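# A structural walkthrough
Listed below are the residues making up each chain.
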Amino acid sequence: MDTSRYIQIEVYCERTQTPLEFIEDLLEFEMIEIEHIEHKKYIQTQQIVEIERIHRLRNDLGINLEGIATLNNMLQKINSLEKEVKLLQDRLMIYET
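The text that follows walks through the structure, step by step, so that each part is easy to find. (Residues numbered from 1 in each chain as written. Predicted model: local features only at pLDDT ≥ 70, side-chain atom pairs only at ≥ 80, totals over all residues. Heavy atoms only, no water.)

### Description of the layout of surface pockets
For clarity, the cut-off: Grid spacing is 1 Å over the protein atoms alone, the probe is 1.4 Å, and a cavity is where that probe fits but cannot get out, while a pocket is an open set with protein on both sides within 12 Å along at least five of seven lines and lining residues have an atom within 4 Å of a point. Grid points are joined across faces, edges and corners, and a volume is the space filled by probe spheres set on the points. Only DSSP runs of H or I with at least four residues qualify as helices, and only runs of E with at least two residues qualify as strands; both kinds are numbered from the N terminus onward. In this classification, Asp, Glu, Lys and Arg are treated as charged, Ala, Val, Leu, Ile, Met, Phe, Trp, Tyr, Cys and Pro as nonpolar, and every other residue, Gly included, as polar.
Quantified by volume, the largest pocket comes out at close to 240 Å³. In this structure, the largest pocket is lined by Phe29, Glu30, Met31, Glu50, Arg53, Ala69, Asn72, Asn73, Leu75, Gln76 and Asn79. Residue assignment for the lining of the largest pocket shows that the elements contributing at least two residues are helix 3 (48-61) and helix 4 (65-96). The element contributing the most residues to the lining of the largest pocket is helix 4, with six residues. The residue makeup of the lining of the largest pocket, split by class, is four nonpolar, four polar and three charged.

This is the structure we're talking about:
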């Protein structure tokens, strides 16, 4: 497995001064995924942006993890609906020309 796309959770927490409990909470709410490599826990580097976004929502705006999970769910639904609207608009354009 190519480990260049992963960072060990303990290393990430140490470098960013993020409490390990926060990462464990994100795992509990299934907001991030981890990989076990050689008995150590890793996150994909692309998930760092999501972790930082959630951290800002929690610390800057005071939103709890349940609220953030709800927001994430709503954003996923909005994105899905936007894709569907775009698809329907494209299909409609066929009949308008």
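### Brief notes about the nonpolar core
Under the convention used in this document: Take the buried residues of types Ala, Val, Leu, Ile, Met, Phe, Trp, Tyr and Cys, join any two whose side-chain atoms come within 4.5 Å, and each joined set is a nonpolar core. For every residue, the accessible area obtained with a 1.4 Å probe (protein chains only) is divided by the maximum for its type, and the residue is called buried under 20%, exposed over 50%, and partly exposed between those limits. Contact between two residues is taken to exist if any of their heavy atoms lie within 4.5 Å; hydrogens are not considered.
In this structure, Tyr12, Ile23, Leu26, Ile43 and Ile51 are the most contacted members of the largest nonpolar core, which totals 16 residues. At the level of secondary structure, the elements contributing two or more residues to this core comprise helix 1 (9-16), helix 2 (20-28), helix 3 and helix 4. Sorting elements by how many residues they give to this core places helix 3 first, with four residues. Here Leu26 is in contact with Met31, Ile32, Ile51, Ile54 and Leu65, once residues within four sequence places are set aside.

### Here's the deal with the pattern of salt bridges
Under the convention used in this document: Salt bridge criterion: a side-chain nitrogen from Lys or Arg within 4 Å of a carboxyl oxygen from Asp or Glu.
Enumeration according to the criterion identifies two salt bridges in this entry. Of the charged contacts in the structure, one is a salt bridge between Glu50 and Arg53, with a shortest N-O distance of 2.6 Å. Here Arg53 and Glu50 lie together in helix 3, a separation of three residues that amounts to about one turn. On the basis of relative accessible area, Glu50 is assigned to the partly exposed category, the value being 24%.

### Considerations on the sheet that holds strand 1 (residues 6-8)
Note the cut-off: Following DSSP output, two strands are said to pair if at least two bridges run between them. Where helices are involved, their axes are fitted lines through C-alpha atoms of the stretch in contact, as for all axes, and angles between N-to-C directions lie from 0 to 180°.
What the three strands build is an open sheet, ordered 1-3-2; its pairing is antiparallel. Where the open sheet ends on each side, the last strands, each with one partner, are strand 1 and strand 2 (35-37). Averaged over all pairs of adjacent strands, the angle between their axes in this sheet comes to 45°, without regard to strand direction. When strand 2 meets strand 3 (residues 40-44), the two strands line up antiparallel, connected through three bridges. By the bridge assignment for strand 3, His36 is matched with Lys41.

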